[in-house]
Amino acid sequence: MTDREHVAKLVASRIVDVPDFPQPGVVFKDISPLLADPAGFRAVVDAIVTEQRATGFEVVAGIEARGFVLAAAVAYAAEVGVVAVRKAGKLPRATFAASYSLEYGEATLEVHRDAFLPGQRVLVVDDVLATGGTARATLDLVEQAGGAVSGLTVLLELGFLAGRAKVDGYPVHALLTV
Ligand SMILES: O=P(O)(O)OC[C@H]1O[C@H](OP(=O)(O)OP(=O)(O)O)[C@H](O)[C@@H]1O
Ligand SMILES: Nc1ncnc2[nH]cnc12
């Protein structure tokens, strides 16, 4: 088994399906058992850093809230800084904002206008790529704020929701696609 296959298997074994959460018809992929497992958490963070190192990313952008957990660990392991892409109304200084729809609703994300240096290479990190609304809004915000997207990486891609189409043209990597 390759390292990638090993990590994909580990992710699959530590994610719990929760039917009808947060609304009827949605099968929620709960990643908390994976994050709580020391070997699992370390393996996914290391896999992301290994996979993305060659892109030369200079900062990591994490998407609130579950993306923060991974983004901070990836940034620490790669010895770069981390930027928070937050739900509306949480950031204290001037922001760019983007509204979007996701698998189970609508939301607005924001980033500080001065979050990135001009042309800085930004790795966007989140837990799940579902419809791609969240990821697309974040990529747009990074560019609005002057960053250059080096890639988007997620733990889990829900292939049947076709999120990749929304982020067409960007390098996208998922540790596991179902
Ligand atoms: O591809 P999409 O359909 O846009 O869905 C993916 C997003 O949905 C979840 O976030 P959520 O907004 O539920 O926030 P949370 O991390 O605060 O739970 C998940 O963490 C992704 O960010
Ligand atoms: N089905 C799902 N499970 C977990 N997070 C999600 N974000 C969007 N859809 C999701």
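Residues numbered from 1 in each chain as written. Chains lettered and ligands numbered in written order. Predicted model: local features only at pLDDT ≥ 70, side-chain atom pairs only at ≥ 80, totals over all residues. Heavy atoms only, no water.

Keep this limit in mind: UniProt positions are given in the numbering used here, feature names are shortened, and annotations may be inferred rather than shown by experiment.
By the naming in an unreviewed UniProt entry, the protein chain goes by Adenine phosphoribosyltransferase and is assigned to Natronosporangium hydrolyticum. The record in UniProt for the protein chain states the following under Function (unreviewed entry): "Catalyzes a salvage reaction resulting in the formation of AMP, that is energically less costly than de novo synthesis." Checking UniProt for the protein chain, the heading Subcellular location (unreviewed entry) contains the comment "Cytoplasm".

### So, the site of ligand 1
Definition in use: Nearness here has a simple test: a residue counts as near a molecule or strand if at least one of its heavy atoms is within 4 Å of that partner. The term polar contact refers here to a pair of N or O atoms within 3.5 Å; inside protein, the definition further demands a hydrogen-donor-capable atom paired with an acceptor-capable atom, and it admits residues adjacent in sequence only when both atoms are side-chain atoms. A 1.4 Å probe and the Shrake-Rupley method give the accessible areas. Residues count as covered only by the protein chains that appear here. Helical segments are the DSSP runs of H or I of at least four residues, strand segments are the runs of E of at least two, and each set is numbered from the N terminus. Polar here means any residue other than Ala, Val, Leu, Ile, Met, Phe, Trp, Tyr, Cys and Pro, which are nonpolar, and Asp, Glu, Lys and Arg, which are charged; Gly is therefore polar.
Around ligand 1 sit 16 residues in total, of which Tyr104, Asp126, Asp127, Thr131 and Thr134 are the nearest. One of the backbone N or O atoms of glutamate 103 is found 3.0 Å from an oxygen atom in ligand 1. Threonine 134 is positioned with one of its side-chain polar atoms (N or O) 2.6 Å from an oxygen atom of ligand 1. Out of a free accessible area of 510 Å², ligand 1 has 87% covered by protein chains. Looking at the shell around ligand 1, the elements with two or more residues in it are β7 (121–129) and α5 (133–144). At four residues, the largest contribution of residues to the shell around ligand 1 is made by β7. Looking at the shell around ligand 1 residue by residue, the class counts come to six nonpolar, four polar and six charged.

### Observations regarding the UniProt feature "domain: Phosphoribosyltransferase" (unreviewed entry) in the protein chain
In the numbering adopted here, UniProt assigns the feature "domain: Phosphoribosyltransferase" (unreviewed entry) to residues 48–156. With 28% helix and 42% strand, residues 48–156 has end C-alpha atoms that lie 12 Å from one another.

### Details of the packing of aromatic side chains
Put simply, the rule is: Centres within 6.5 Å are what make two rings of Phe, Tyr or Trp a pair, Trp counting through its six-membered ring; a difference in plane orientation under 30 degrees is then read as stacked, over 60 as edge-to-face, and the rest as tilted. Buried, partly exposed and exposed residues are distinguished by accessible area as a fraction of the type maximum, computed with a 1.4 Å probe on protein chains only: under 20%, between the cut-offs, and over 50%, respectively.
Counting across every chain of the model gives two aromatic pairs. Each ring, one from phenylalanine 21 and one from phenylalanine 28, has its centre 5.1 Å from the other, and the planes form 85 degrees; the classification is edge-to-face. Of the residues examined, phenylalanine 28 reaches a relative accessible area of 14% and is grouped as buried. Joined through ring pairs, the aromatic side chains of Phe21, Phe28 and Tyr104 make up one cluster.

### Side note on the site of ligand 2
Inspection of the region around ligand 2 gives Val27, Phe28, Lys29, Arg66, Glu103, Tyr104, Val128, Ala130 and Leu158 as its neighbouring residues. Contact between ligand 2 and arginine 66: a nitrogen atom at 3.1 Å from a side-chain N or O atom of the residue. Within the contact set of ligand 2, a nitrogen atom lies 2.5 Å away from a side-chain nitrogen or oxygen of glutamate 103. Look at ligand 2: alone it shows 260 Å² of surface, and the protein chains cover 95% of it.

### A word on unusual backbone geometry
Residue proline 22 follows phenylalanine 21 across a cis peptide bond; omega there is -5 degrees. Mapped onto the elements of the fold, proline 22 is located in the loop between β1 (16–19) and β2 (27–30). Across the junction of glutamate 64 and alanine 65, the peptide omega takes the value -5 degrees, indicating a cis bond. Although it is not a glycine, glutamate 79 adopts a positive phi angle of roughly 60 degrees. Mapped onto the elements of the fold, glutamate 79 is located in the loop between α4 (66–78) and β4 (81–87). Residue glutamate 79 is classed as exposed on the basis of its relative accessible area of 74%. Positive phi is not limited to glycine here, since alanine 162 has a value of about 60 degrees. Looking at alanine 162, the relative accessible area reads 45%, which means it is partly exposed.

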